[in-house]
Amino acid sequence: MTQRYAEFHRRSIEDRDGFWREQAMLIDWEKPFDRVLDYSRPPFARWFVGGLTNLCHNAVDRHLALRGDQKALIWISTEVDKTESFTYRQLHEQVNRVAAMMLSLGVKRGDRVIIYMPNMPEAVFAILACARLGAIHSVVFGGFAAASLAARIDDARPTLLVTADGGSRMGKVIAYKPLVDEAIRLSKYPPAKVLIFRRGFDLQMANVAQRDVDWADLARQYERAEVPCAWLESSEPSYILYTSGTTGKPKGVQRDTGGHAVAMAASMKYIYCGAAGETIFTTSDIGWAVGHSYIIYAPLIAGLTSILYEGVPIRPDAGVWWKIVQEYKVNVMFSAPTAIRVLKKHDPAFLQKYDLSSLRHLFLAGEPLDESTHAWISEGLGKPVIDHYWQTETGWPVLTALPGVEKTPIKYGSPSFPAYGYDLKLLREADASEADADEKAVVVIEPPLPPGCMTTIWGDDERFVKTYFSTFTKKLVYSTFDWGIRDREGYYFILGRTDDVINVAGHRLGTREIEEAVQSHANIAEVAVVGVADALKGQIPVAFAVVKDNAKIATAAQKSAHEKEVMAAVDAQLGAIGRPARVHFVSLLPKTRSGKLLRRSIQALAEGRDPGDLTTLEDPGALEQIRAALKGR
Ligand code: PRX
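Residues numbered from 1 in each chain as written. Predicted model: local features only at pLDDT ≥ 70, side-chain atom pairs only at ≥ 80, totals over all residues. Heavy atoms only, no water.

Peer 1: Honestly, unusual backbone geometry in this entry has me stumped. Any pointers?
Peer 2: Most peptide bonds take the trans configuration, and most residues that are not glycine carry a negative phi. A cis geometry characterises the amide bond from P42 onward to P43, with omega recorded as 0°. Relative to the elements of secondary structure, P43 occurs in the loop between strand 1 (35-41) and strand 2 (44-49). The phi angle at R157 is positive, at roughly 45°, despite the residue not being glycine. Owing to a relative accessible area of 44%, R157 belongs among the partly exposed residues under this scheme. Positive phi values are uncommon outside glycine, yet Q210 reaches one of about 70°. (Helix = DSSP H or I, 4+ residues; strand = E, 2+ residues; numbered from the N terminus. Buried < 20%, exposed > 50% of the residue type's maximum accessible area, 1.4 Å probe, protein only.)

Okay, here's the thing in structure tokens:
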């Protein structure tokens, strides 16, 4: 670790108020804040108390004078072969219009709006329109099935749901509207209105009278509408983003307004090194935290041009992203390790085919980046590739290199050092004492969490404290639920989750959620789902299920048909992203004598490792069955 970085980090912790007061100057305040931090009710932190601001003003309006004609958003879809771009002025017009449309549909400040759309410009307009009105958006990833969407509807109780007729993946159209109809049918607290953008897919759509509103029809009535920004107190919620945890019930990560805006602006400066007028390309989906922060909020708040991409990394060929970098002179790029592992299977000549001279850094996050992939992409591009680590909960990087502060050497496989504002510790699981160098321990953050991190779980302060701050009885610390290690030079390495969360191709899933989806099949009595290491996707879910009626799996052909049925049940309940790669049938699951499932032992066996301490195992026959199932017997 080096001097400049260390000093910067030290100041952010020791002179917290001074440090963040300075960063707060990166955004516009309608009314200045009275206090930098109110931490009178730990672990709840309120940043920039009394300050009034608005995310849409900071992301759009304030740029009009200086960069009204600069492109704000470039949408590139290799799915529908279209490109559209919007200057800051055009973005301003679009957002105002959508805000007026939302007002006409009864959306008020503090109301929730669910956005269930693929990567398309209208999704960005809807998100920013919510911010403009002070309505709380909750974007639900388009890959989630009806039951998952229904659970989110019931938790957020939205006034409005915004959707599209469909999305497209690998050229295949996926209808969204029937899924929305089904989710609303399943929900207890359905939205009064559904706003639908028709992309022109040839899809039959049933219209629900009084409820369904056509985007284009309504937009016509609000051509030149102007809607003022609502000035929100810094701590008022800006959005909810659901993420998986150990229980089957997703958690609504709640973000504030002022802290979030400041965190976004500061991260653009010190971490991503993106300056106003430059171009960023983040390959994520707007339904994930990376999309929220680094397709939309941070780039726009900092006055960049942001590329919104709808498509996969290998269509029309594995050079498509690098072609975009050349064509749009991309300066900063952000992607996920899985995408790079996919590209690694294709001709490396694609990395050299285009002029990448504009590109300064490639950032990767969302899952562990193995050393060989890190080396392959760094050497192939001849650019610094920065692995950085964070979570939906934090909204911006926790461990990262800070090229905007100092260009520290990169170590393959390591997300470098704690970012400013994070008082990071590695604590021993047994007694909450601090681990030594090279000793595996739990990665925790000493509260208060810095600006931009989650402020609570939507509607459930108690669950927030219980979930994140109760790992250790001796110390009030935020647990990341990740194992980590720090080497003698101060570089960190992340070694996987401490809980039952798995990471499939960068998608975070709870094994409990998948188990519940498997159990939605009528013939499943009991099931254990574990994440198994996979060279391409990082991890894949594998299920071990006990059936109620064995007659249905008497023959090999029946077993195989049954496995497919169970997979289809998961697709319908949770979405294809949660589909187990295999469903093995057993008559018994390994449990402790107190009835706890031994998931870690099952996972070890599935990965060909030693199952560990089995003294608490109730019936050794159960593990034998897992072994046999894995061998295909
Ligand atoms: O386990 C860590 C892993 O992904 C989790 C967070 O996932 P999500 O909430 O979807 O947030 C993604 C935002 C980038 C973490 O708890 N993870 C994320 N980044 C890394 C990582 N694991 C290893 N290395 C990383 N760089």
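Peer 1: Before we go on, may I ask you to explain the packing of helix 2 (residues 16-24) against helix 10 (residues 258-272) in this structure?
Peer 2: Between two packed helices, the angle of one axis relative to the other and the distance separating the axes together describe the packing. Close contact between helix 2 and helix 10 brings their axes to 9 Å; oriented N to C, the two are set at 90°. Looking at the two axes, helix 2 sits roughly perpendicular to helix 10. When helix 2 is examined against helix 10, the residues W20, Q23 and A24 are found in contact with a partner set consisting of V262, A266 and Y270. In terms of residue class, the contact of helix 2 with helix 10 is built from five nonpolar, one polar and no charged. (Axes fitted to C-alpha atoms, helices over the stretch in contact; angles between N-to-C directions. Parallel < 35°, antiparallel > 145°, perpendicular 65-115°, else oblique. Contact = heavy atoms within 4.5 Å. Nonpolar A, V, L, I, M, F, W, Y, C, P; charged D, E, K, R; others polar.)

Peer 1: Looking at this model, I keep getting lost on helix 17 (residues 556-573). Mind explaining?
Peer 2: Structural remark: α-helix, 3.6 residues per turn; residues separated by three or four positions point the same way. Spanning 18 residues, helix 17 covers 26 Å between terminal C-alpha atoms, matching the ideal 26 Å at 1.5 Å per step. Taken residue by residue, helix 17 has H562, E563, V566, M567, A569 and V570 as its buried positions. Along the long axis of helix 17, the arc covered by the buried residues comes to 155°, so they all point the same way. In helix 17, those exposed residues whose orientation departs by more than 90 degrees from the buried face are A557, K564 and A572. Against helix 16 (511-519), strand 30 (524-534), strand 31 (538-547) and strand 32 (582-586) lie the buried residues of helix 17. Downstream of helix 17 by one or two residues, G575 has phi in the positive range, about 120°. (Expected span 1.5 Å × (residues − 1). Arc of directions from axis to C-beta.)

Peer 1: What is the right way to look at the site of the ligand in this model?
Peer 2: Among the 16 residues in the neighbourhood of the ligand, the closest are listed as H388, T392, D482, R497 and R508. One of the backbone nitrogen or oxygen atoms of G366 is found 3.1 Å away from a nitrogen atom of the ligand. Measuring from an oxygen atom of the ligand, one finds a side-chain N or O atom of Q391 at 2.9 Å. Contact with the protein chains hides 94% of the accessible area of the ligand, taken as 540 Å² for the molecule alone. Of the residues belonging to the shell around the ligand, the class tally is six nonpolar, five polar and five charged. (Near = heavy atom within 4 Å. Polar contact = N/O pair within 3.5 Å; in protein donor to acceptor, adjacent residues only side chain to side chain. Areas by Shrake-Rupley, 256 points an atom, 1.4 Å probe, with all protein chains shown as cover.)

Peer 1: Help me understand the sheet that holds strand 26 (residues 478-486) in this model?
Peer 2: In sheet architecture, strand pairing relies on hydrogen bonds along the backbone and comes in two forms, parallel and antiparallel. The strand order 23-24-26-27 describes an open sheet built from four strands, whose pairing is antiparallel. Edge positions in the sheet fall to strand 23 (424-427) and strand 27 (492-497), since each of these pairs with one other strand and no more. Taken pair by pair, the neighbouring strands of this sheet meet at an average axis angle of 45°, ignoring direction. Where strand 26 and strand 27 come together, four bridges link them in antiparallel fashion. Paired with D482 across the bridge in strand 27 is R497. (Pairing = 2+ DSSP bridges.)

Peer 1: Would you take a moment to explain the packing of aromatic side chains for this structure?
Peer 2: Given two aromatic rings, one states the distance between the centres and the angle between the planes to describe the pair. This model, assessed by the stated rule, comprises 39 aromatic pairs. Arranged with centres 6.0 Å apart and planes meeting at 90°, the rings of F141 and F144 form a pair that is edge-to-face. Considered together, F141 and F144 belong to a single accessibility category, that of buried residues. Through pairs of rings, three or more aromatic residues link up here, namely F8, F19, W20, W29, F33, W47, F48, Y270, W396, Y420 and Y422. Across from the ring centre of F144, 4.3 Å away, lies the NZ or CZ of R152, which sits over that ring. Over the ring of Y189 we find R157, and its NZ or CZ is 3.6 Å from the ring centre. (Phe/Tyr/Trp six-rings, centres within 6.5 Å; stacked < 30°, edge-to-face > 60°. Lys NZ or Arg CZ within 6 Å of the ring centre and 35° of its normal.)

Peer 1: What should I look at first to understand the domain arrangement of the protein in this one?
Peer 2: By a widely used convention, the size of an interface equals the accessible area lost when the partners come together. Along its sequence, the protein is organised into domain 1 (3-311 + 388-483) and domain 2 (505-630). For domain 1 and domain 2, the distance between their C-alpha centres works out to 33 Å. When domain 1 packs against domain 2, close to 1,200 Å² is buried across both sides, 47% of that on carbon and sulfur atoms. A salt bridge links E393 to R508; the nearest nitrogen and oxygen atoms lie 2.8 Å apart. Linking domain 1 with domain 2 are seven residue pairs in polar contact (both at pLDDT 80 or more), by the criterion used here. (Domains from an automatic or database assignment. Buried area = accessible area lost by both parts, 1.4 Å probe. Salt bridge = Lys/Arg side-chain N within 4 Å of Asp/Glu carboxyl O.)

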